[in-house]
Amino acid sequence: MKSYLWIAAAVILPSFAACNRTVGECWPVGEGDKNGGVGSGPVIASGGTGDNGDSPPNPNDFKIPEADCNIAEQSPCTEKCLASYETAATTCGKVQDDAQRKSCQEGAYAGYKTCRESCKKASKPCADMYVACTDMGMPCTREIDLGYSLCTYCRDDCAANRPYKYGECYKCGFE
Amino acid sequence: MTMTNIPGLFSATHVAYDSATTDRLRQLGATNVVRAADCLLIGPSRRDAAEHARARQAWWNSSEEWDGLYSPEVHWERPVVVWVSASIDQRVNLWRTCSWLRHVGIASRDVLMLEFEALPRSKFPQEPFPSFECTASVVDHPDKVLLERLARARPFSTTRYDRAVKLWDRYTDGNPSRFVSSCSRGIKGFPELAPLWTVLSCFFPGRTPAGVLRLSRLDELLLTILSGEWQTPVDVFVHKSQEGLALRQLSTCTGDLFVAHRLNQWAAFASNAAVERAAGPKQPDNRMLASVYRLTERGIQLRDAGLTALTDAPPLPIGGTEAYSTSAPWVLREDSRVVRL
């Protein structure tokens, strides 16, 4: 699961990292002062400066959700949401009919918001997962290096938000 | 690509400092890998190899051979390739390796050093990173990088090699003051020294300017998290507090099982009853859940008022010396230097 999230993050990161920030709005690089064109990046409606895209999408307004310009708010999980949203929005952008395109974009964004909410719920503390791991006993609690259990290696990677060194972490209570 | 594509190196002797790296090197085709996966930041370290091995075995009482560096079964085929990450515990093992290889007559030019930097830290950690690095591993890097580095591996300069050997001498010295000076001053080529002392200083009892003896930072954390309620080492380790976070950060350099180890030392310490122990919810093989612990009035007193003597706390061997020892009464001043009482 976690490695999949990292792959998703790696896919989305270049466009995300290239996010230009202006007052109240942010745009994928190169799209700030022009219509980025259909399928050139995340498509989201803006109901006004600084909002989070809660108002209906406007097909002429291509920008990354406001919240996603704040790197500190991101996690692999939300990055996965953004990646999925980017894919969906790109597909919507190819729809010729205005009404259908708008409906498609609304659906894509609704899915994005639901995804982010799920991330909030799923952001289980690594310490809790460590507890679950330890409770499972062997082989999860086995000593990998002197003084270090598998559970603590999993927890260290989890807390540092990096891929697990040991795939067994997924079988031992870590997500 | 495997090591067989790099003539002369797949048959070399490879030294790895964690199990994951050992396994990866074998997967890459290395046939002669020495695992030296002992965490030397805690427990005794000695310059003499036999004495070191005996002291470590007595300290950990482990049935598995984690440290093969001194094993008579090792055939030190040249060149020796040392794979070391930026983790400070691995860096200490690097010094020890240099010292041992010189002892067995292997010239420094025959020891190829592969130093791997830590990967950039995530911008979104769930818990803040400590100022020191103890979680980096060679296997954080992809195979391609490992093999590329191997293909252009070089030995240390003689000067740098000599410094590594000297650092091991100082680390194992019964008088830690020269080693601490090295950490404070810094030595070119050994950036691990300052963060290493940040960690090691957490194991020594302190003395305030007024002369009051205090628990070490490690023990202060443990005795602050403990309470009158029974807690397993897991409860202590994952405690939702600043102390819990600090303990988890420190434990990246000692391992989680050391939390249980130290709590056991406190509970077994005969001179007082600062910590009590009872059977926990799991069997002894699950060390983090095998016992429960609670703090006594005496423990609260030690934590809040300080120690009346160094013998109030269980001794903890560190490098060539011992914290809380009357025969080596080293205490930490507020300026982070150690002095004899």
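Residues numbered from 1 in each chain as written. Chains lettered and ligands numbered in written order. Predicted model: local features only at pLDDT ≥ 70, side-chain atom pairs only at ≥ 80, totals over all residues. Heavy atoms only, no water.

**Quick notes on empty space enclosed by the protein**
It is the rolling of a water-molecule-sized probe over the atoms that shows where space remains empty. Within this structure, the stated rule accounts for three cavities of 30 Å³ or more. Taken as a whole, the largest cavity holds about 210 Å³ of empty space. Taken together, 21 residues form the lining of the largest cavity, with D145 and Y153 of chain A together with D18, D89 and Q90 of chain B sitting closest to its centre. Those elements that place two or more of their residues in the lining of the largest cavity are α5 (150-160) of chain A together with α3 (88-103) of chain B. Of the residues forming the lining of the largest cavity, the biggest block, three residues, is contributed by α3 of chain B. Its residues assigned to classes, the lining of the largest cavity shows nine nonpolar, six polar and six charged. (1 Å grid on protein atoms, 1.4 Å probe; cavity = no way out; pocket = protein on both sides within 12 Å on 5 of 7 lines; lining within 4 Å. Points joined across faces, edges and corners; volume = space filled by probe spheres on them. Helix = DSSP H or I, 4+ residues; strand = E, 2+ residues; numbered from the N terminus. Nonpolar A, V, L, I, M, F, W, Y, C, P; charged D, E, K, R; others polar.)

**Quick word on the packing of aromatic side chains**
All names here are of chain B. This model, assessed by the stated rule, comprises 17 aromatic pairs over all chains. Both rings, one in Y70 and one in W100, keep their centres 4.7 Å apart while their planes meet at 70°; by these two values the pair is edge-to-face. Taken together, the residues Y70 in the loop between α2 (49-60) and β4 (80-84) and W100 in helix α3 connect sequence positions 30 residues apart. Under the relative-accessibility criterion, Y70 is labelled buried at 15%. Accessibility expressed as a relative area gives 15% for W100, which makes it buried. Ring-pair connections join several aromatic residues into one group, and the members of that group are W95, W168, Y171 and F179. Here the basic side chain of R340 rests over the ring of W330, its NZ or CZ set 5.4 Å away from the ring centre. (Phe/Tyr/Trp six-rings, centres within 6.5 Å; stacked < 30°, edge-to-face > 60°. Buried < 20%, exposed > 50% of the residue type's maximum accessible area, 1.4 Å probe, protein only. Lys NZ or Arg CZ within 6 Å of the ring centre and 35° of its normal.)

**Concerning the pairing of strand β11 (residues 316-319) of chain B**
Residues and elements named next belong to chain B. Bridging between strand β3 (residues 43-44) and β11 involves two bridges; their strand directions are parallel. Along β11, the bridge assignment pairs G43 with I318. Between β11 and the antiparallel strand that follows it, strand β12 (residues 321-323), lie one residue. (Pairing = 2+ DSSP bridges.)

**Thoughts on the nonpolar core**
The nonpolar side chains of a soluble globular protein tend to be buried with one another. Core analysis: the largest hydrophobic core is formed by 115 residues, its most contacted members being F174 of chain A together with L41, W76, W95, F179, L200 and F203 of chain B. The dominant element in this core, judged by the number of residues it contributes, is α3 of chain B, at seven residues. In this structure W95 of chain B touches A164, L167, W168, Y171, F179, F190, E192, L193 and L196 of chain B, once residues within four positions along its chain are discounted. Counting residues in each nonpolar core, the second largest holds 19 residues, with L9, A16, L147 and A153 of chain B among its members. (Core = buried A, V, L, I, M, F, W, Y, C linked by side-chain atoms within 4.5 Å. Contact = heavy atoms within 4.5 Å.)

**A short note on the state of the cysteines**
Residues and elements named next belong to chain A. Per the stated rule, a full pass over the model turns up six disulfides over all chains. Across the disulfide, C92 is cross-linked to C104 (sulfur-sulfur distance 1.9 Å). Looking down the S-S bond of the C92 and C104 bridge, the torsion is -75°, so its handedness is left-handed. Here C92, found in helix α2 (residues 76-93), pairs with C104, found in helix α3 (residues 98-122); they are twelve residues apart in sequence, far enough to count as distant. Covalently, C154 is tied to C169 through a disulfide, its sulfur atoms 2.0 Å apart. (Disulfide = S-S within 2.5 Å.)

**Re helix α6 (residues 177-185) of chain B**
Residues and elements named next belong to chain B. Considered for burial, the residues of α6 that qualify are F179, V180, S182 and C183. Down the axis of α6, the buried side of the element spans an arc of 155°, and every buried residue falls inside it. A positive phi of about 85° marks G186, the residue just after α6. (Arc of directions from axis to C-beta.)

**Focus on the side chain of Q265 of chain B**
Its location among the elements puts Q265 of chain B in helix α11 (residues 257-268). Leaving out residues up to four positions away in the same chain, Q265 of chain B has contacts with W59, P314, P315 and L316 of chain B.

**What about the confidence of the model for chain A?**
Residues with a pLDDT of 70 or more make up 53% of chain A, whose mean pLDDT is 66. The weakest mean pLDDT in chain A belongs to strand β1 (residues 19-22) of chain A at 31; the strongest belongs to strand β4 (residues 148-149) of chain A at 98. (pLDDT = per-residue confidence, 0-100.)

**What about the pattern of salt bridges?**
Residue and element names in this part refer to chain B. Overall, the coordinates contain 33 salt bridges over all chains when judged by the stated rule. For E115, the salt bridge identified is with R91, shortest N-O distance 2.8 Å. One end of the pair, E115, is in strand β5 (residues 111-115); the other, R91, is in helix α3, with 24 residues separating them in the sequence. With relative accessibility at 28%, the residue E115 sits in the partly exposed group. (Salt bridge = Lys/Arg side-chain N within 4 Å of Asp/Glu carboxyl O.)

**Structural notes on the interface of chain A and chain B**
Taken residue by residue, the interface counts 34 residues in chain A and 40 residues in chain B. When the two sides are added together, the surface that chain A and chain B hide from each other amounts to roughly 2900 Å², 56% of it contributed by carbon and sulfur. Taken together, chain A and chain B are joined by five salt bridges. In this structure, the salt-bridge partner of D140 of chain B is K165 of chain A, at a minimum N-O distance of 3.5 Å. Elements that contribute at least two residues to the side of chain A that touches chain B include exactly α4 (126-136), β3 (143-145), β4 and α5 of chain A. A total of seven residues in the side of chain A that touches chain B trace back to one element, the largest contributor, which is α4 of chain A. Residue composition of the side of chain A that touches chain B, by class: 15 nonpolar, nine polar and ten charged. (Buried area = accessible area lost by both parts, 1.4 Å probe.)

**Notes on the sheet that holds β3 of chain B**
All names here are of chain B. Taken together, the three strands give an open sheet; going across it, the order is β3-β11-β12, and neighbouring strands pair in mixed fashion. Among the strands making up the open sheet, the edge pair consists of β3 and β12. Looking at chain direction, β11 and β12 are connected through three bridges and run antiparallel. When the sheet's bridge partners are listed, P317 is paired in β12 with E322.

**Topic: the pairing of strand β1 (residues 13-16) of chain B**
The two faces of a sheet get side chains in turn, since along a regular strand they alternate between them. Residues and elements named next belong to chain B. On β1, burial covers both faces: T13 and V15 on one face and H14 and A16 on the other are all buried. As paired elements, β1 and β4 share four bridges and run parallel to each other. Counted as the bridge partner of A16 is W83 from β4. By the bridge criterion, three bridges tie β1 to strand β2 (residues 33-35) in an arrangement that is parallel.

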